[in-house]
Amino acid sequence: MSFKSLGLSEPLLKAIQKKGYETPSPIQAKAIPPVLEGKDVLASAQTGTGKTAGFTLPLLHLLSDNTAQRHRPIRALILTPTRELAAQVFANVKEYSEFLNIRSTVIFGGVNQKPQVNKLSQGVDVLVATPGRLIDLENQGVLSLNKVDIFVLDEADRMLDMGFLRDIERVMKLMPAKRQNLMFSATFSKDIKKLAYSILNNPVQVEATPENTAVEVIEQKVYRVAKGKKTGLIIKLISDGNWKQVLVFNRTKHGANKLCKKMISAGITAAAIHGNKSQGARTKALAGFKNGSVRVLVATDIAARGLDIPLLPHVINFELPNISEDYVHRIGRTGRAGASGEAISLVSADETTYLRDIEKLIDMKIEVEILEGFEPDPNASTQPIKPGQNRNQGRRRNSNNSNSGKSKGSNSDRNKNRNRNRNRNNDSKR
Ligand code: ADP
Ligand code: MG
């Protein structure tokens, strides 16, 4: 199997070669042919399997077949849930289209809209966007989606988790009814299937990994530890192991900041990445982490979603996520592209239920270890932390489910909006 045999054009093959890709990844091999045929496609494969090129390459091929437009309307829209992901997908679009006469740009919130507006006014073929800024600029009349031929929903599962269902529905109304739709997702839940039915027409369904399984090359381990000893333990693990590049997950922004400070006082270079950080700070933290000047990146789930950090050797869950699927996403940050990796979780008594749910989802028991001096507290309660104090993502998830589940039911629009706003508020903690 080669990229050439998939039928991609010469300029694309040249860009692929420049990128250093030798063969298509499994999901690329499965998704590219039906996309080239103009079909709607629903694709799922775990994080890090090359889904971006799976839709971008054939999309560029299709668009470049027909570039004799005088003024350039937006002909392809790629919707992604977070700024980082949008920036990353855009970087890929630019690389893959280097030898084509295709213009592209990216828009997302949290930064001044003016440069984005300028870019749009020059005409672009491919637009990568997050929902909020897209709808905002459309409302302002800065852009129009009425010439979109290809619509891509990337990281569809996270879109739903983040409460973007209503925004997705709004965006769909702005595009012509007749278009090609592609949906890419790391997981494949009932909600995703439902969304797929409402967006896709007779989709070809492709899948490169079994649903919701944690990759086998990732070594997983749990340290049972008293809550108050987690910081000491994580510093010990990183120092003793002399780990150079560690991604640490925290449930809250506040927790991420606090842990980051403690690391720095312990002499470990660290940076935090979460929704309260400015775009500049986030980009800088990620760049430092990638080039090795920052050893530890402390992230919340939403900020880390879709980050492309190649060959990450260590992921540590400072706290377990209470949404089990998030665990699979988190550990998907390690062992990327077939390289082996290690995923460690620090688990205190109150996280016992989360651990059990995760083990149920991945259908395996994770090896448990206890380190001397960092034992669990035998008197601590195994009750999960009460929702409300930075811990209400369980409710977020539930309200999401009811949100999407009842979208055609009795809920009034106002109720749904309230749900959505509540989702947003809870997300703002991460
Ligand atoms: P996903 O969206 O599935 O999480 P990405 O599209 O971000 O994954 O790709 C993950 C990494 O794999 C990126 O660094 C990308 O450049 C690389 N990659 C993609 N396709 C190939 C390929 N065919 N061969 C080698 N590396 C690839
Ligand atoms: Mg992706």
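Here, the structure is the one placed above.
Quantities reported herein were computed from a predicted structural model and do not represent experimental measurements.

With that settled, the discussion passes to the sheet that holds strand E1 (residues 41-44). For sheets, the rule is that strands pair by backbone hydrogen bonds, running either parallel or antiparallel. Pairing in this open sheet of seven strands is parallel, and the strands run E3-E4-E2-E5-E6-E1-E7 from one edge to the other. Where the open sheet ends on each side, the last strands, each with one partner, are strand E3 (104-107) and strand E7 (204-207). In this sheet, neighbouring strand axes are inclined to one another by 15 degrees on average, regardless of whether the strands run parallel or antiparallel. Pairing between strand E2 (residues 76-79) and strand E4 (residues 126-129): four bridges, direction parallel. Within E4, the residue paired with Leu-77 across the bridge is Leu-127. Set on the sheet, helix H5 (residues 114-121) makes contact with E3 and E4; between it and E3 the angle comes to about 150 degrees. On top of the sheet, helix H9 (residues 190-199) reaches E1, strand E5 (150-153) and strand E6 (180-185); it is set at about 170 degrees to E6, its chief contact.

Another aspect to go through is the pattern of salt bridges. Here the structure, examined in full by the defined rule, presents 15 salt bridges. Because the salt bridges share partners, they merge into one network encompassing Arg-72, Arg-75 and Asp-125.

The next point concerns the nonpolar core. Leu-8, Leu-57, Leu-59, Leu-60, Ile-78 and Val-126 are the most contacted members of the largest nonpolar core, which has 38 residues in total. In terms of residue count, the dominant contributor to this core is helix H3 (residues 51-64) (six residues). Setting aside residues no more than four positions away along its own chain, Ile-78 makes contact with Phe-55, Leu-59, Val-89, Val-93, Val-126, Leu-127, Val-128, Ala-129 and Val-152. Within the second largest apolar cluster, 35 residues are counted, among which are Ile-74, Leu-120, Met-175 and Leu-195.

So, about the pairing of E4. The side-chain alternation of E4 yields two buried faces, one formed by Val-126 and Val-128 and the other by Leu-127 and Ala-129. Of the pairings in the sheet, the one linking E3 to E4 comprises four bridges and is parallel in character. Each residue of the ladder has a partner; that of Thr-105, found in E4, is Leu-127. Regarding topology, H5 serves as the crossover connection from E3 to the parallel E4, and that connection is right-handed.

What follows covers the sheet that holds strand E9 (residues 246-249). Pairing in this open sheet of seven strands is parallel, and the strands run E10-E11-E9-E12-E13-E8-E14 from one edge to the other. Two strands in the sheet have a free side with no partner beyond their single neighbour: strand E10 (270-273) and strand E14 (367-369). On average, each strand axis in the sheet is inclined to that of its neighbour by 25 degrees, with strand direction left out of account. Taken together, the four bridges between strand E12 (residues 314-317) and strand E13 (residues 341-347) define a ladder with parallel strand orientation. The partner of Asn-317 across the bridge, within E13, is Ser-345. Sheet strands touched by helix H11 (residues 253-265): E9, E10 and strand E11 (296-299). Its angle to E10, the strand with the most contacts, is close to 170 degrees.

Attention now moves to helix H12 (residues 279-291). Its 13 residues place the ends of H12 18 Å apart at the C-alpha level, agreeing with the 18 Å of an ideal helix rising 1.5 Å per residue. Within H12, the full set of buried residues consists of Gln-279, Arg-282, Ala-285, Leu-286, Gly-288 and Phe-289. Here the buried face of H12 lies against helix H4 (83-96), E9, E10 and E11. Phi for Gly-292, located one or two positions after H12, is positive at around 95 degrees.

Turning next to helix H1 (residues 10-19). Among all positions of H1, only Leu-12, Leu-13, Ala-15 and Ile-16 are buried. Seen from one end, H1 has its buried residues packed into an arc of 160 degrees, which puts them on one side. Residues of H1 that are exposed and angled more than 90 degrees away from the buried face: Glu-10, Gln-17 and Lys-18. Where H1 is buried, its residues contact H3 and H4. Looking at the residues trailing H1, positive phi occurs at Gly-20, about 90 degrees.

Turning to the site of ligand 1, a few remarks are in order. Close contacts around ligand 1 come from 15 residues, with Tyr-21, Gln-28, Gly-48, Lys-51 and Thr-52 the closest. Here an oxygen atom of ligand 1 and a side-chain polar atom of Tyr-21 are 2.4 Å apart. Residue Gly-48 places a main-chain N or O atom 2.6 Å away from an oxygen atom belonging to ligand 1. When isolated, ligand 1 has an accessible area of 570 Å², and the protein chains bury 82% of it.

Parameters at a glance
Residues numbered from 1 in each chain as written. Chains lettered and ligands numbered in written order. Predicted model: local features only at pLDDT ≥ 70, side-chain atom pairs only at ≥ 80, totals over all residues. Heavy atoms only, no water. Pairing = 2+ DSSP bridges. Helix = DSSP H or I, 4+ residues; strand = E, 2+ residues; numbered from the N terminus. Axes fitted to C-alpha atoms, helices over the stretch in contact; angles between N-to-C directions. Contact = heavy atoms within 4.5 Å. Salt bridge = Lys/Arg side-chain N within 4 Å of Asp/Glu carboxyl O. Core = buried A, V, L, I, M, F, W, Y, C linked by side-chain atoms within 4.5 Å. Buried < 20%, exposed > 50% of the residue type's maximum accessible area, 1.4 Å probe, protein only. Right-handed = clockwise from strand over helix to strand, strands pointing away. Expected span 1.5 Å × (residues − 1). Arc of directions from axis to C-beta. Near = heavy atom within 4 Å. Polar contact = N/O pair within 3.5 Å; in protein donor to acceptor, adjacent residues only side chain to side chain. Areas by Shrake-Rupley, 256 points an atom, 1.4 Å probe, with all protein chains shown as cover.

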